[in-house]
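A look at the structure
What follows is the residue order along each chain.
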Amino acid sequence: MNVLSDIRIKSSTRLPSPDELRAVVNKTEEQRAFIAKSRDEIKEIIFGNDKRLIVVVGPCSIHDAKAGLEYANKLKALSDELEDKLLFVMRVYFEKPRTSLGWKGLIMDPYLNGTCDIPEGLKQARHFLNDVTALGIRTATEFLDPITPQYIADYISWAAIGARTTESQTHRQMASGLSMPIGFKNSTGGDVVAAANAILAAGGEQTFLGITQSGEASAVTTLGNPSCHTILRGGLTGPNFEAAAVDAATAILEKKNLKPALMVDCSHDNSGKDPERQPEVFHSVLDQLKAGNDSIIGVMLESNLGGGSQKFPCPIDELKYGVSITDGCLAWNKTEKLLRFAHEALSND
């Protein structure tokens, strides 16, 4: 008899259910209140009721929990000082989309050795999120696999849908049921209309395949997520952070009767993938804000303890501490200087 199913499956490992993992790593009541408040704060900024600038900042990806927590402590100290003008949300990205091949993030490969121990990756991700939120740091991540949110979304203050997945029906449906504000990036080609359409789709009721907290396959019907906005990250046609591009994106959103709430990604195609050019993009945003722009609600920065990036894979003991193994990042000392400058500029506005 011919075998017709799973002929290319090498192995299949049972995952713990989301409930089982929550029993291992869970929040305190204080953390619950903090996360709920952080989501409300971000929503208020999206809708113009809070005039602070959202700053989503941190490592391109988390690959070393110790270095990540050192970064979080530095960010907490700065946040406490500058929070009257800047609302900080730390990047805690555990999933990385790959153009072809490469390390796919801590959840998929927590030991950085190709063993792809996903149950351990999910556990490490929850432990890290628990540690960061215990410090009083808001968290941001990109949701890539549609099953992942059931395992970690209860810790997340704000989430992104990436440029590769903004046009994906699966991700638009998923976003419609997520409990936190969501930013949709323009497509890799630079198309802002795709992000606007994603916001419309995510704002409506959707039914799709998912899993329950007990890990059972289910048909999920959502209420729709009203707290969505657009992220400008540049594209194949070039950057889109300058005033003319921001005005054009605003017009696209208004034409579709959407709130013109824009976050500018200072990295990726807006910086030509050069982390040292991120301040240039941020300065342009500040100039636009001082000129009266009320569509820009936030910025994104890729930042780490050390600047740049390092080639990976390589022997684990050869990795430099606090340096990205994915996209290049701005060093902490330069990040702090930039954010202090931004705070002063907005204070004098």
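Look up a bit, the structure's there.
Now for a description of the structure that goes with this document. (Residues numbered from 1 in each chain as written. Predicted model: local features only at pLDDT ≥ 70, side-chain atom pairs only at ≥ 80, totals over all residues. Heavy atoms only, no water.)

**Remarks on the overall build of the protein**
Looking only at helices and strands, one finds ten helices and eleven strands in the protein. Computed over its C-alpha atoms, the radius of gyration of the protein comes to 20 Å, within 12% of the 20 Å expected for a compact globule of 349 residues. By principal-axis analysis of the C-alpha atoms, the protein measures approximately 70 × 45 × 45 Å. Here the protein holds 349 residues, and 55% of them are scored as buried. Considering only contacts in the protein between residues 6 or more positions apart, those separated by 24 or more positions represent 70%. Carbon and sulfur atoms make up 50% of the accessible area of the protein, which totals about 15,700 Å². If the 37 positive side-chain charges of the protein are averaged to one point and the 44 negative ones to another, these points end up 2 Å apart. (Helix = DSSP H or I, 4+ residues; strand = E, 2+ residues; numbered from the N terminus. Rg over C-alpha atoms; globule rule 2.2 N^0.38 Å. Buried < 20%, exposed > 50% of the residue type's maximum accessible area, 1.4 Å probe, protein only. Contact = heavy atoms within 4.5 Å. Areas by Shrake-Rupley, 256 points an atom, 1.4 Å probe, with all protein chains shown as cover. Lys, Arg positive; Asp, Glu negative; His and termini not counted. Charge placed at Lys NZ, Arg CZ, Asp CG, Glu CD.)

**Re the pairing of strand β10 (residues 296-304)**
When you tally the buried positions in β10, you get nine out of nine residues, the bulk of the element. As paired elements, strand β1 (residues 53-58) and β10 share five bridges and run parallel to each other. When the bridges of β10 are listed, Gly58 appears paired with Glu302. Bridge count between strand β9 (residues 262-265) and β10: four bridges; the pairing is parallel. Note that in β10 the partner of Leu262 across the bridge is Ile296. Of the strand pairs in this sheet, β10 and strand β11 (residues 330-331) are connected by two bridges, and their pairing is parallel. (Pairing = 2+ DSSP bridges.)

**Observations concerning the environment of Glu167**
On the secondary structure map, Glu167 appears in the loop between β4 (158-161) and α6 (169-177). Spatially, the C-alpha atoms of Glu167 and Pro119 are 29 Å apart, while their sequence positions differ by 48 residues. Leave out the neighbours within four places in its chain, and Glu167 touches Arg172, Ser187 and Ala194.

**Comments concerning helix α10 (residues 332-347)**
Along an α-helix, residues three or four apart share an orientation, since each turn contains 3.6 residues. The terminal C-alpha atoms of α10, which comprises 16 residues, lie 22 Å apart, in line with the 22 Å expected from a rise of 1.5 Å per residue. Of all the residues in α10, the buried ones are Trp332, Thr335, Leu338, Leu339, Ala342, His343, Ala345 and Leu346. Down the axis of α10, the buried side of the element spans an arc of 165°, and every buried residue falls inside it. Structural note: α10 exposes Asn333, Lys337 and Glu344 on the side pointing more than 90 degrees away from its buried face. Where α10 is buried, its residues contact β1, α3 (65-82), β2 (86-91), α9 (278-290), β10 and β11. (Expected span 1.5 Å × (residues − 1). Arc of directions from axis to C-beta.)

Everything listed is a geometric property; what it means functionally is a separate question.
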